[in-house]
Amino acid sequence: MKNNFDQYTAISDQNSPTEEGTDFEVSISGLTKCFGDILAVNHMSLDVPAGCIFGLLGPNGAGKSTTIRLLCTLLTPTEGTALVGGYDIIESPVSVREITGVLPEEGNHTLYQTMSVYENLEYFARLYGVAEGEIPQRIEELLSFMSLWERKDDRAGELSTGNRQRLALCRALLHRPRVLLLDEPTSALDPVAAKRVRELILRLAREYNQTFFINSHNLPEVQRMCDRIAIINDGNILMTGTTAELRAKLHAKQIFRLRTSEDVARVSSIVESMAFIEYVRSDVDSLILTIENPQENNSILLQTLLSQNIKIIELAEEETTLEDLYLEVIKGGVDK
Ligand SMILES: Nc1ncnc2c1ncn2[C@@H]1O[C@H](COP(=O)(O)OP(=O)(O)OP(=O)(O)O)[C@@H](O)[C@H]1O
Ligand SMILES: [Mg+2]
């Protein structure tokens, strides 16, 4: 059978509606998790609307996976709680599990290694209560989409790391959950597979209003895909907002590239002495600068350099990225 993804992605009506009074599909309030002396998640509060693709970013050990483990009820909070689809993770863990699909960080290892690819999905489909008559079609559609149909009889443990990640993603999507909690979903995928998964996530969120809570280190991917982002470190939220809000913060500080055919070190020594310039770094043939009030000061900069016979190839605004913002936030350089 060919890939019939429309049928697969049709959201089942059997999922219960969000409880009255809850506007957000994921609503985290004061969520805290300690492991002994380690404060892995520190009074985290944030809300994710339905149909949103939310990206949680942060360095190694920041608390991202712990957050996902708390949301999917694998861990119990030390303090605080969260509602997932209106269900409290402490009071109604079974309901939370029914409406969530999870790709754990160790997703590769949570499959049954000696069972075949097909058997793994069949087992989990039954566990999640997918109607018996729908199981074969749903498995085939998912495996075909992930280019794993040909491998359906192979043991899960014999797959490559990336293919096991694809299989773990199939398992997370199998019961058409309202909320997907995905811990680094594309970390082991090749670029083509990663693009396909991104497109699938976008499609499921836009067309079927499924909500995605995604941990990632892949900043260009998050920038392209996520509607809202939070950056955390040491269990604390450092910055959160929609992509547009973060972009506005980025543009509050304009970065320019000054390309020159002169010796960069010589140009740098001239530029550094100017009060309105915060020197950032040098590149092969360029200086990367932040310029205060560029509307007025760019021309002063150019005139000064020209008066010293410095040849300038270009002075242009650099396209700032989520990576720029992330690096600034992590080192404490951007207002929260
Ligand atoms: N089961 C555990 N027992 C003790 N400490 C833990 C446990 N799980 C996580 N931690 C600690 O909690 C902190 C947060 O870990 P977590 O795995 O959530 O980080 P992360 O942001 O997912 O990092 P990475 O990007 O490396 O996956 C770390 O200091 C980690 O050592
Ligand atoms: Mg992690």
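In this text, all values refer to a predicted model and were calculated from it rather than measured experimentally.

The next thing to look at is the pairing of strand β8 (residues 211-215). Successive side chains on a regular strand alternate, one facing one side of the sheet and the next facing the other. Within β8, 5 of the 5 residues are buried, leaving the element largely enclosed by the surrounding structure. Judged by which residues are buried, β8 turns out to be covered on both faces: T211, F213 and N215 on one side and F212 and I214 on the other are all buried. Strand direction decides the pairing type here: strand β3 (residues 53-57) and β8, joined by 4 bridges, are parallel. Counterpart to F54 in the pairing with β8 is F213. Of the pairings in the sheet, the one linking strand β7 (residues 179-183) to β8 comprises 5 bridges and is parallel in character. Pairing of D183 across the sheet is with N215, part of β8. Read from β7 through helix α7 (residues 191-208) to β8, the crossover connection turns out right-handed.

Quick look at empty space enclosed by the protein now. Over the atoms a probe the size of a water molecule is rolled, and this reveals where empty space is left. What the rule picks out here adds up to 3 cavities of 30 Å³ or more. In this model, the second largest cavity occupies a volume close to 40 Å³. Contributing elements (two or more residues each) for the lining of the second largest cavity: α6 (161-173) and α7. Among the residues forming the lining of the second largest cavity, the class breakdown is 9 nonpolar, no polar and no charged.

This part covers unusual backbone geometry. Glycine aside, a negative phi is what most residues show, and trans is what most peptide bonds show. Backbone geometry at E184 places phi at a positive 50 degrees, although glycine is not the residue there. If you trace the backbone, E184 turns up in the loop between β7 and α7. Here N309, not a glycine, exhibits a phi torsion of approximately 60 degrees, which is positive. Positionally, N309 belongs in the loop between α11 (294-307) and β14 (312-317). Its relative accessible area of 62% is what places N309 among the exposed residues.

In this section: the site of ligand 1. As a structural note, the neighbourhood of ligand 1 is formed by 14 residues, with G61, K64, T66, E105 and H217 the closest of them. Here an oxygen atom of ligand 1 and a side-chain polar atom of T66 are 2.6 Å apart. In the complex, 65% of the free accessible area of ligand 1, which totals 640 Å², lies under the protein chains. Contributions of two or more residues to the shell around ligand 1 are made by β2 (38-49) and α2 (64-71).

In this section: the confidence of the model for the protein chain. Chain-level pLDDT for the protein chain is 88 on average; 90% of the residues reach the 70-or-more range. In the predicted structure, residues 1-21 sits below a pLDDT of 50 and forms 46 contacts with residues beyond four places in sequence or in another chain.

As a further point, take α7. Here α7 contains 18 residues, and its C-alpha end-to-end distance of 25 Å stays within 8% of the 26 Å for a straight helix at 1.5 Å per residue. Taken together, the buried positions of α7 are occupied by A193, A194, V197, R198, L200, I201, L204 and A205. Viewed end-on, α7 has its buried residues packed into an arc of 160 degrees, placing them on one side of the element. Of the exposed residues in α7, the ones pointing more than 90 degrees away from its buried face are P191 and V192. Phi turns positive one or two residues past the end of α7, at N209, with a value near 60 degrees.

On to the coordination of the magnesium ion (ligand 2), then. Taken together, S65 (OG) and E105 (OE) make up the full set of protein donors to the magnesium ion (ligand 2), lying 2.0 to 2.1 Å away. Placement of S65 in helix α2 and of E105 in the loop between β6 (100-103) and α4 (117-127) is noted, with a sequence separation of 40 residues between them.

Time to look at the sheet that holds strand β5 (residues 87-88). In space, the 4 strands of this open sheet follow the order β2-β1-β4-β5, with antiparallel pairing throughout. At either end of the open sheet lies a strand with only one pairing partner, and these are β2 and β5. Across the sheet, α2 is in contact with β1 (24-35), β2 and β4 (79-84); its angle to β1 comes to roughly 115 degrees.

Moving on, we get to the pattern of salt bridges. Enumeration over the complete set of coordinates arrives at 18 salt bridges. A salt bridge links E132 to R126; the nearest nitrogen and oxygen atoms lie 2.6 Å apart. The partner of E262 in a salt bridge is R266, and the shortest N-O contact between them spans 3.5 Å. Each of the salt bridges in this network shares a partner with another, and the network as a whole consists of E122, R126 and E132.

Reading the values: the criteria
- Residues numbered from 1 in each chain as written.
- Chains lettered and ligands numbered in written order.
- Predicted model: local features only at pLDDT ≥ 70, side-chain atom pairs only at ≥ 80, totals over all residues.
- Heavy atoms only, no water.
- Buried < 20%, exposed > 50% of the residue type's maximum accessible area, 1.4 Å probe, protein only.
- Helix = DSSP H or I, 4+ residues; strand = E, 2+ residues; numbered from the N terminus.
- Pairing = 2+ DSSP bridges.
- Right-handed = clockwise from strand over helix to strand, strands pointing away.
- 1 Å grid on protein atoms, 1.4 Å probe; cavity = no way out; pocket = protein on both sides within 12 Å on 5 of 7 lines; lining within 4 Å.
- Points joined across faces, edges and corners; volume = space filled by probe spheres on them.
- Nonpolar A, V, L, I, M, F, W, Y, C, P; charged D, E, K, R; others polar.
- Near = heavy atom within 4 Å.
- Polar contact = N/O pair within 3.5 Å; in protein donor to acceptor, adjacent residues only side chain to side chain.
- Areas by Shrake-Rupley, 256 points an atom, 1.4 Å probe, with all protein chains shown as cover.
- pLDDT = per-residue confidence, 0-100.
- Contact = heavy atoms within 4.5 Å.
- Expected span 1.5 Å × (residues − 1).
- Arc of directions from axis to C-beta.
- Donors = N, O, S within 2.8 Å, 3.2 Å for Na, K, Ca; no water.
- Axes fitted to C-alpha atoms, helices over the stretch in contact; angles between N-to-C directions.
- Salt bridge = Lys/Arg side-chain N within 4 Å of Asp/Glu carboxyl O.

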